[in-house]
Amino acid sequence: MEPLVKKVIILGSAALKIGEAGEFDYSGSQAIKALKQEGITTILVNPNIATIQTSDHLADKVYLLPVTPEFIEQVIEKERPDGILLSFGGQTALNCGMELDQSGVLAKYGVKVLGTPVSVIQKTEDRQEFADALAEIGVFVPKSKAANNLKEAMVIAEEIGYPIMIRLAFALGGLGSGVCWNEKEAKDLAGKAFSYTKQILVEEYLKGWKEVEYEVVRDAYDNCITVCNMENFDPLGIHTGESIVIAPSQTLSNAEYHMLREVAIKTVRHLGVIGECNIQYALNPVSEEYRVIEVNARLSRSSALASKATGYPLAFVAAKLGLGYSLTELKNSITHSTMACFEPALDYVVVKIPRWDLKKFRMVSTKIGTSMKSVGEVMAIGKTFQEALQKALRMLDIGAWGLVTNPNELGFKNNREELIQELQAPTDERVFAIPQALKLGMSIAEIHDHTRIDRWFLSKIANIVRVEQLVAQYNGGICPKHVLSEAKRVGFSDPQLGQLLGTTERQVRRQRINYGIVPAVKQIDTLAGEYPAQTNYLYLTYNGSEDDIVLGDKESVVVLGSGTYRIGSSVEFDWCCVNAVKTVKAEGIRSILINYNPETVSTDYDEVDRLYFDEIRLETVMDIYEKENPKGIIVSMGGQVANNLALPLMHWGAQVLGTSPVKIDMAEDRHKFSSMLDQLGIDQPQWQELTSIDAAKTFAAKVGYPVLVRPSYVLSGAAMGVATSDEAMESYLSKAAQLNEDHPVVISKFLTNCKEVEFDAVAQNGEIINFAISEHLENAGVHSGDATLVLPPQRTYLETTRRIKRIASQIAKALEITGPFNMQFLAKGNSVKVIECNLRASRSFPFVSKVTKQNLIAQATQAILGRPLEKHTDSFFELNYVGVKASHFSFTRLLGADPTLGVEMASTGEVGCLGDDFREALLKAMLSVGYKMPVKRMLLSSGPEKNKVDFMDTVSQLLANDVEIWATSGTHAFLAQHDLKVKLAPWPDAAPEGTPNVVEILESMPFDLVINIPKNFQSDELTQGYQVRRRAVDLAIPLITNLQLASRFLEAVLDKPDLKIKSWDEY
Amino acid sequence: MELILEDGAVYSGRHFGYKGSVAGEVIFNTGMVGYPETLTDPSYQGQILVFTYPLIGNYGIPESQVIDQLHRHFESDKIHLKGIVITSLTREPSHWNAVRTLEDWMIEYKIPGIEGVDTRAITKRLRDKGTQLGKLVFEGKDLPWYDPSTENLVAQVSCKEPILYEGGAKRVILVDNGCKNNIIRNLLKRGVSVLRVPWDYDYTGEKFDGVFLSNGPGDPLLVDKGVEVLKKQMSQDKPIFGICMGHQLMALAAGAQSYKLKFGHHSQNQPCILVGTKRCFITSQNHNYAIDDQTLPAEYHPWFFNANDGSNEGVKHVSKPFSSVQFHPEAWPGPVDTGFLFDHFVDSL
């Protein structure tokens, strides 16, 4: 086929955020692969440096630049592509592309939109146009009307009748949407919504209706198929991104399934989508009445899930269809013998569960509803719903062993009232309340009344409870084979059974293997076995007796993936896993990857020789290990999930490759590690391991507050806290941590006004092979995952970096490191203290690898495989450009959350940009995560006196540049004393009667920036500062809460550097 | 309960449904919905079906309501399968129109089932070795093999007397080779009357506007009497349309030859391409025999072909209004994408 275009620009989705996560790395990567296969030159714009799509082996050119119309236009002007793909980078790319189309930029440069035309996208995005279009073909949509202002909204709400649903046009992940039961609620929500958008939709609320989705593919020849349908466990009222989802649908009859399928095809044909789209339905649970809720004319989270659930590469096919191919011309990439124009038949079920991280945020509600709060998801494959559900709950990595018999009584409610409350108004833990309700004697009918969850799901859950009770009868005795077998078939894990039987996980494993109860390895082949398939896409099930493939017939290495994305562990680790797997393959060894996150590239079956889409848990990894008999397991690429398995795997006899698990434990165990540092004479903040509150107070008195309180095996500051006083310490230790002889707590001096420095390296047999040093822009105290990273360091003394390197070499030797490792240091003057050491790849590996153009993961993998490596001696200081990594926060989506930074990580994603100097790189990065330039009007609330002094110079420069500055009471008074004339924005409690306070001022006019530096490290109070921060976030005004970041950002803004359009390879 | 295959393979699982043993031909189907429709499809006469979709019985069984001589929810009056093989049975179904469980319904029609066996392993075996005879043995009560393909199954499932369904002025002869009710529903919906006649009935003397040849079980070569009548009719010019068995009979009557496929097409996701175009339709299929394209006489052209294995999926006469398809445009279960073929037929009357 003659290609339609020769050079195509692809827009990415920038930083991972709530509502737009790793799924777009997957879809963009597949699109690039599809275009490359056609010999088309690909230009990718995406500042998300941690993604696989921004790697050197995919797109021909990568621009690490903001996905905004201004930047994209400049890239287009420079590159002159003749085609553009808008539907592979989520709502971010779609919105940006539509602006470019409307402003005439695409027409001006002759750039053709491939796939679904913009006019069609417009129709699906504008609620009224959409409803009109569907009415033309007699397809039902919810009764609804668009409102352009609050008054209109209230009139429409009255017409439809309460309860009503408010939705925003052009919003990702249901942002700002909600159910309103009365006039007051409607007024509040609609008011808030209009601060984001010019149009909202008021519609009938279909509470309790089933929520069903279809993924539809259509080509330019009008061939149209539905690749997958999915049913939500949680009925309408909970956003599909917040719902447990099962594929295919379970409770739909043939008539219902095909009625909705037919409507989907009719709708998609009528709209004129070319490529992939998703259609969401509400289906009446007691009739065949339906409503089309929405159509997303782009790749989405659901399409990524559908791709992984069926094995049908939706993004790849969509990209090809955009080039003008017919579905009949494309092959099924799993079977290679059949065609892409077909609808996969599944012989398994898939359960997706969202991963929330709500405990990481202060003041946020844990209730789930119509807008998205989850930060990741897991997908489990099984032959029964129960098997897949219990697997998925374990995959969440929230400490669950399954649905029932969980440690610490996960999700436990104290009484019937609390339980009913949970069932009716769910939090992220509702699913655990269902078995508890059953055990309390609540009937399925009653639970259904409270939850509206279909009885089918509830009866399957009841069956899990039944099996739990069956197994428990054998507590302390021998569990017969048929009982154990049944338990495994409905998804019970060995630790769960160990608990039920009063024995250990290991004992259960021995017993079941004696009985011959082992899982079978099954393929995902898209055709349910009807045609032979050479697929390497695998999962384990206990509902099977034969392995589909020959196992252990070739030398192999297992790489453990990183599991669900969550705060602190995200796409960075997927990049590491993909690169590790590539390196293993390149060494001629069969690569085997275990991962279960449907939003990843690592779970694309063309990335790896064998993909086990299954749990990363001791039991499962051992099951696969015993079947595949690999050379060993690499645990250092998948973040903490994989790393935590090192020691247990070794104890159970598996070969762990790279640094010895004993040494890994030495670095992970705070006590062992700190003792080692003392022995080596390496400085560290004063610390002590303590088992009582009194001892803790004594220690704090000795070193002085503030102190950092934390347990061992920490990730992302979970359960970590800063105490500033005896009271704070007492309150923290009684609330957030267990403290006794068995559960000691490590308390260390919390140092402020220090620099924090990040050290990423690769070692082999204790010798450092390569390394990179980056500095944090913020002073110590901000979690390293939230901090802004600069490489090469700009403000760190050369002597400091020398000392850091020396200490790192000592530690590499002492721990005999082979593989990747990461250390964090505190630096003040030239004194250097070690604060953390991880003997695994870290979050910053993709950033430092891409900035220095040294693939540290490829080198680490070679080191692990024992390949001889040369020491890398070039100094990264000689880079003639600078890389800056900035964090993205999703506070807008977390209603009520206090948007401040602290020792708990809060960011959901990151970007990394390059510039000829630091300021250029910083601005590109900040613009990529939503900051605005120029700054014309800003609010300053600078906190303590010292900060105020620090800001004086900047303020006078800003004033000289005609920036309108508003300041809160204290800051205003201080600046006035120094003859800096700024406008007063009084605190609410200081505003005289009749004059607007700071919050009202923010609401009354557009601001480009709010700077609010909180006074405390941690506080649960609803302070006035909180109100300002929260209001800024709710009004979508960029907010900075850190002094150093605010100063550097404003300096850069004032400097007005040229933001050059240079691709990665031009640096 | 055990499933025993002709090649000696034995699969042990849990029994459900009727407590008894059965023998038949073992085939599989990869459809994910539509077990009530599948179980009542007369094309399955004499067969034991392996469902590759693991969860069966989820939405129960709807009521056996007969409206205007037609079952509202079923494809015929009874279950035609001899037995079923599944991974997991849902004992507590959930659906607004369910009146009983799949198991209760199977007990009524004396149909046994086996669950808890590795259906994927069995499917792969059938795929690699071809369709096999097999039996479901309950509590060791063995029975002899039974090969349905040696019998005229069409004669077993066809109606015994003509039945008239009033629907409009035009009248269609529907030759019942084991007709699915949804064919009748589709015709009636389009405003024609249907005279459903037995498979070997000589309708050439009746008053009618077109002939519709239904689906049906087994080997088309055994349906010789039906082919004789059809040959006679094909000397005329009235529209003829055939589905599945009906398609095979029309091709045989035209002089083409049939052959047995290794494991047949038994799924709801078969892609069929309209010859000479890039248009592809997703179709529901259930057949073990096919028509050999190469043997079609000159006045017949291949109309559709299977995109996966290239086998013939439809033929069309070059000048006369005779056409037929191997797949099931009436769907039920399965996708309804080719329902327009009914429109074409009715328009041609």
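Before any of the text, the structure's been laid out above.
Residues numbered from 1 in each chain as written. Chains lettered and ligands numbered in written order. Predicted model: local features only at pLDDT ≥ 70, side-chain atom pairs only at ≥ 80, totals over all residues.

Colleague: Help me out: how do you make sense of the overall build of chain A in this one?
Modeller: Secondary structure summary: chain A contains 36 helices and 39 strands in total. In terms of overall dimensions, chain A is globule-like: its C-alpha atoms have a radius of gyration of 28 Å, near the 31 Å expected for 1067 residues. Counting only C-alpha atoms and orienting by the principal axes, one finds that chain A spans roughly 75 × 65 × 65 Å. Taking contacts inside chain A between residues at least 6 apart in sequence as the whole, the part at least 24 apart equals 71%. (Helix = DSSP H or I, 4+ residues; strand = E, 2+ residues; numbered from the N terminus. Rg over C-alpha atoms; globule rule 2.2 N^0.38 Å. Contact = placed C-beta atoms within 7 Å.)

Colleague: Hey, could you run me through the sheet that holds strand E25 (residues 707-710) of chain A in this one?
Modeller: Strand pairing within a sheet occurs via backbone hydrogen bonds; the two strands may be parallel or antiparallel. All names here are of chain A. Sheet architecture is open: 4 strands sit in the order E24-E27-E25-E26, paired in antiparallel fashion. Two strands bound the open sheet, and with one partner strand each, they are strand E24 (687-690) and strand E26 (721-723). Strand-to-strand twist of the sheet, defined as the mean angle between neighbouring strand axes without regard to direction, takes the value 25°. (Pairing = 2+ DSSP bridges. Axes fitted to C-alpha atoms, helices over the stretch in contact; angles between N-to-C directions.)

Colleague: Honestly, the environment of Ile 200 of chain A in this entry has me stumped. Any pointers?
Modeller: Topologically, Ile 200 of chain A is positioned in strand E9 (residues 200-204). Taking C-alpha positions, Ile 200 of chain A is 8.1 Å from Asn 149 of chain A, a pair spaced 51 residues apart along the chain.

Colleague: Hey, could you run me through helix H30 (residues 856-864) of chain A in this one?
Modeller: Each α-helix turn comprises 3.6 residues. Residues three or four places apart therefore point the same way. Counting buried positions over the 9 residues of H30 of chain A gives 8, a clear majority of the element. The complete set of buried residues in H30 of chain A reads Leu 856, Ile 857, Gln 859, Ala 860, Thr 861, Gln 862, Ala 863 and Ile 864 of chain A. (Buried ≥ 20, exposed ≤ 12 C-beta atoms within 10 Å, placed from the backbone.)

Colleague: Looking at this model, I keep getting lost on the interface of chain A and chain B. Mind explaining?
Modeller: The partner chain B presents 38 residues to the 46 residues of chain A that form the contact. Every element with two or more residues in the side of chain A that touches chain B is listed here: helix H9 (254-271) and helix H16 (455-472) of chain A. Of all the elements, H9 of chain A adds the most residues to the side of chain A that touches chain B, at 5 residues. The residue inventory of the side of chain A that touches chain B, partitioned by class, reads 20 nonpolar, 16 polar and 10 charged. (Nonpolar A, V, L, I, M, F, W, Y, C, P; charged D, E, K, R; others polar.)

Colleague: Can you help me understand helix H10 (residues 301-310) of chain A in this one?
Modeller: Residue and element names in this part refer to chain A. Counting buried residues in H10 gives 10 out of 10 residues, a clear majority hidden from the surface. Those residues of H10 that sit buried are Arg 301, Ser 302, Ser 303, Ala 304, Leu 305, Ala 306, Ser 307, Lys 308, Ala 309 and Thr 310. Count one or two residues on from H10 and you reach Gly 311, which has phi positive near 85°.

Colleague: Which parts of the structure should I look at to understand the pairing of strand E17 (residues 193-198) of chain B?
Modeller: For a regular strand, side chains alternate in direction, first toward one face of the sheet and then toward the other. Residues and elements named next belong to chain B. Judged from the 3 bridges that link them, strand E15 (residues 163-165) and E17 form a sheet pairing that is antiparallel. The partner of Leu 164 across the bridge, within E17, is Leu 195. Bridging between strand E16 (residues 171-176) and E17 involves 6 bridges; their strand directions are parallel. Residue Val 175 lies in a different strand from E17, and its bridge partner there is Val 197. Following the chain from E16 across helix H5 (residues 181-189) to the adjacent parallel E17, one finds a crossover that is right-handed. (Right-handed = clockwise from strand over helix to strand, strands pointing away.)

Colleague: What should I look at first to understand the sheet that holds strand E11 (residues 224-232) of chain A in this one?
Modeller: Residues and elements named next belong to chain A. Pairing within the open sheet is antiparallel, and its 7 strands lie in the order E14-E13-E10-E11-E12-E15-E16. Both outer strands of the open sheet, strand E14 (290-296) and strand E16 (376-382), are each paired with one neighbouring strand and no more. Ignoring strand direction, the axes of neighbouring strands in this sheet form an average angle of 25°. Judged from the 6 bridges that link them, strand E13 (residues 275-283) and E14 form a sheet pairing that is antiparallel. Looking at E14, one finds that Ala 282 is bridged to Arg 291. Against the sheet, H10 contacts strand E10 (210-218), E11, strand E12 (245-247), E13, strand E15 (349-355) and E16, and its axis sits at roughly 100° relative to E11.

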